[in-house]
Amino acid sequence: MSNTKRAYNFNPGPGPLPLEVLEQAQAEMLDFKGTGMSVMEISHRSKEFEAVIQTAEADLRELLGIPANYKIMFLQGGATLQFTMLPMNLRATGSADYIVTGTWSKTAIKEAQKLGAARAAANTESEGFKGYPEKLDLDPKAAYLHFTSNETIHGVEYFSEPVPPAGVPLICDTSSDFISRPVDISKYAMLYAGAQKNAGPSGVTVVIIRDDMIERVPANLPVMLDYKTLAASGSLHNTPPSFAIYMVGLVFQWAKKQGGLAAIEKVNRVKADMIYKTIDESGGFYRGHAKPEARSLMNIPFRLPSEELEDAFAKEAKKNNLIGLKGHRSVGGMRASVYNAVTVEGAGELVKFMKDFQQKNG
Ligand SMILES: *Cc1c(COP(=O)(O)O)cnc(C)c1O
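Everything in this summary refers to the structure shown in the same document. The shown structure was predicted, so the numbers you read here are calculated from the model rather than taken from an experiment.

**Observations concerning the packing of helix 8 (residues 261-280) against helix 10 (residues 344-361)**
Turning to step 1, where the next piece is worked out: Two elements in contact, helix 8 and helix 10, have axes separated by 10 Å at closest approach and are oriented at 0°. In terms of orientation, helix 8 and helix 10 fall into the roughly parallel class. Across from Val267, Val270, Lys271, Met274, Ile275, Thr278 and Ile279 in helix 8, the residues of helix 10 making contact are Val344, Ala347, Gly348, Leu350, Val351, Met354 and Lys355.
Turning to step 2, where the next piece is worked out: Along the lines of polarity and charge, the residues of the contact of helix 8 with helix 10 split into 10 nonpolar, 2 polar and 2 charged.

**Things to note about the side chain of Arg210**
Turning to step 1, where the next piece is worked out: In this fold, Arg210 is placed in strand 10 (residues 205-210).
Turning to step 2, where the next piece is worked out: Only 2.6 Å separates the side chain of Arg210 from the side chain of Asp212, close enough to count as a polar contact.
Turning to step 3, where the next piece is worked out: For Arg210, the contacting residues outside a window of four places in its chain are Asn69, Tyr70, Tyr188 and Ala189.

**Considering the site of the ligand**
Turning to step 1, where the next piece is worked out: Taken together, 13 residues surround the ligand, and among them Thr80, Thr152, Asp173, Gln196 and Lys197 come closest.
Turning to step 2, where the next piece is worked out: Side-chain polar atom of Asp173 to a nitrogen atom of the ligand: 2.6 Å apart, as the coordinates give it.
Turning to step 3, where the next piece is worked out: In isolation the ligand offers 380 Å² of accessible surface; the protein chains occlude 88% of this area.
Turning to step 4, where the next piece is worked out: No other element matches the 4 residues that helix 3 (residues 78-90) contributes to the shell around the ligand.
Turning to step 5, where the next piece is worked out: Taken together, the residues of the shell around the ligand break down into 3 nonpolar, 8 polar and 2 charged.

**Some words on the sheet that holds strand 12 (residues 299-303)**
Turning to step 1, where the next piece is worked out: Read from one edge of the open sheet, 3 strands run 11-12-14, paired in antiparallel fashion. The outermost strands of the open sheet, each flanked by one partner alone, are strand 11 (287-288) and strand 14 (334-337).
Turning to step 2, where the next piece is worked out: Direction of pairing for strand 12 relative to strand 14: antiparallel, over a ladder of 4 bridges. Among the inter-strand pairings, Phe302 is bridged to a residue of strand 14, identified as Met334.
Turning to step 3, where the next piece is worked out: Where helix 8 meets the sheet, it contacts strand 11 and strand 12, and its direction lies at approximately 10° from that of strand 12.

**Considerations on the environment of Lys33**
Turning to step 1, where the next piece is worked out: Summarising the element assignment, Lys33 is placed in the loop between helix 1 (19-28) and helix 2 (47-64).
Turning to step 2, where the next piece is worked out: Taking the relative accessible area as the measure of exposure, Lys33 reaches 61% and is therefore exposed.
Turning to step 3, where the next piece is worked out: Taking C-alpha positions, Lys33 is 7.8 Å from Glu48, a pair spaced 15 residues apart along the chain.

**Observations regarding the sheet that holds strand 9 (residues 190-194)**
Turning to step 1, where the next piece is worked out: Read across the sheet, 7 strands follow the order 2-10-9-8-5-3-4 without closing on themselves; strand pairing throughout is mixed. Two strands bound the open sheet, and with one partner strand each, they are strand 2 (70-75) and strand 4 (117-123). When strand polarity is set aside, the average angle formed by the axes of neighbouring strands in this sheet is 20°.
Turning to step 2, where the next piece is worked out: In this sheet, strand 10 lies alongside strand 2 in antiparallel orientation, the contact comprising 6 bridges. The residue bridging Leu75 from the neighbouring strand is Thr205, located in strand 10.
Turning to step 3, where the next piece is worked out: Sheet contacts for helix 3: strand 2, strand 3 (95-100), strand 5 (145-148), strand 8 (170-173), strand 9 and strand 10; angle to strand 9, the most-contacted strand, approximately 155°.

**Brief notes about the nonpolar core**
Turning to step 1, where the next piece is worked out: One finds Leu60, Leu64, Phe74, Phe178, Ile179, Ile208 and Phe252 to be the most contacted residues of the largest nonpolar core, which totals 51 residues.
Turning to step 2, where the next piece is worked out: For this core, the element with the highest residue contribution is helix 7 (residues 242-257), accounting for 10 residues.
Turning to step 3, where the next piece is worked out: Contacts of Ile208, omitting those with residues within four sequence positions, involve Leu60, Leu64, Ile66, Tyr70, Lys71, Ile72, Phe178, Ile185, Ala189, Met190 and Leu191.
Turning to step 4, where the next piece is worked out: Counting residues in hydrophobic clusters, the runner-up holds 31 residues, among them Phe83, Tyr98, Val217 and Leu221.

**Thoughts on helix 7**
Because an α-helix completes one turn every 3.6 residues, residues spaced three or four positions apart along the sequence face the same direction.
Turning to step 1, where the next piece is worked out: Under the 1.5 Å per step criterion, the end-to-end length of helix 7 is 23 Å for 16 residues, consistent within 8% with the ideal 22 Å.
Turning to step 2, where the next piece is worked out: Of all 16 residues in helix 7, 12 are buried, a share of seventy percent or more.
Turning to step 3, where the next piece is worked out: On its buried side, helix 7 packs onto helix 1, helix 2, strand 2 and helix 8.
Turning to step 4, where the next piece is worked out: Following helix 7 by one or two positions, Gly259 adopts a phi angle in the positive range, close to 110°.

Rules used throughout
- Residues numbered from 1 in each chain as written.
- Predicted model: local features only at pLDDT ≥ 70, side-chain atom pairs only at ≥ 80, totals over all residues.
- Heavy atoms only, no water.
- Axes fitted to C-alpha atoms, helices over the stretch in contact; angles between N-to-C directions.
- Helix = DSSP H or I, 4+ residues; strand = E, 2+ residues; numbered from the N terminus.
- Parallel < 35°, antiparallel > 145°, perpendicular 65-115°, else oblique.
- Contact = heavy atoms within 4.5 Å.
- Nonpolar A, V, L, I, M, F, W, Y, C, P; charged D, E, K, R; others polar.
- Polar contact = N/O pair within 3.5 Å; in protein donor to acceptor, adjacent residues only side chain to side chain.
- Near = heavy atom within 4 Å.
- Areas by Shrake-Rupley, 256 points an atom, 1.4 Å probe, with all protein chains shown as cover.
- Pairing = 2+ DSSP bridges.
- Buried < 20%, exposed > 50% of the residue type's maximum accessible area, 1.4 Å probe, protein only.
- Core = buried A, V, L, I, M, F, W, Y, C linked by side-chain atoms within 4.5 Å.
- Expected span 1.5 Å × (residues − 1).

This is the structure:
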């Protein structure tokens with residue numbers, strides 16, 4: 001692969017995958033472990049695939065320190081389907097609390113409200129989704145408290161968990177900062193993440209759920225929406241997204257080889273610091289979105305002095321092989337997503353480009 005062109009990929013999702021992972025998938029593509037078939041072509045009930053899914057689960061347990069009383073599920077439908085499955089399975093006839101800090105938590109509560117009661121324990125939209133809520137209005141009887149650990153569009157990330165009232169389970173959409181740093185899983189009743197931001201290709205969603213939550217699942221849910229059935233079958237009630245599961249398994253192995261999540265966090269901090277420093281030292285040419293304490297290590301939205309300059313920035317960047325930097329239309333401007341697979345070298349290329357662009361246009 002040495003002369004294959006690879007982009008410096010700052011896409012928000014699907015995002016980049018580690019080169020080693022792609023190369024391993026390529027090497028195993030035609031003959032997976034002596035089967036004479038690719039992973040996509042073998043039975044999901046074969047011993048070869050069983051090893052794939054069991055290894056992926058074991059590696060994720062090790063990476064995140066997931067205790068034995070949690071189940072791991074590999075599901076379809078994206079994080080978006082979890083916005084629906086979560087209240088269906090865990091709210092019963094009660095009400096759920098949501099902390100709204102950006103587009104994704106806003107979407108999550110909207111979905112939950114279609115099927116029952118959900119209230120915003122806080123909503124920072126009137127402040128432009130720039131940071132944490134000052135205070136939470138928590139329902140002590142809530143079925144659960146939901147938050148989004150990293151708001152992918154606004155670049156607001158929680159580095160310590162909001163604290164729910166005693167007995168209220170904490171649930172997290174961690175789609176865009178999944179496996180980017182260590183997390184104390186024991187604080188959570190459930191976490192979920194679409195894989196395509198940080199952990200693999202699209203097509204699989206990882207759900208980590210504590211056993212006592214599964215006890216709450218009502219009877220007679222449609223089977224593909226039923227955590228109890230899906231967990232009991234080991235994500236094999238029907239044909240799972242087998243290739244996507246294989247790929248997240250390779251990413252988990254890669255993450256272990258990097259030294260685990262503490263080592264990965266260190267690199268992620270180096271990359272994010274480089275970019276935030278460039279923004280902060282630009283004399284106002286580049287302007288970040290999030291408040292300093294809430295700045296995401298994964299997604300860095302920023303503006304330039306004019307929309308013309310922003311268009312020029314995106315175009316010029318592309319010419320320099322720096323891809324995926326256009327911001328979400330709701331925030332405008334630029335966004336650099338620096339997921340695990342973005343290298344320090346890649347972040348350095350972006351910083352060089354930003355300084356150069358400012359010099360020519362500032
Ligand atoms: C991308 C994203 C989603 C939606 O994920 P899909 O897998 O596309 O459904 C939800 N939440 C967050 C935080 C995201 O970044």
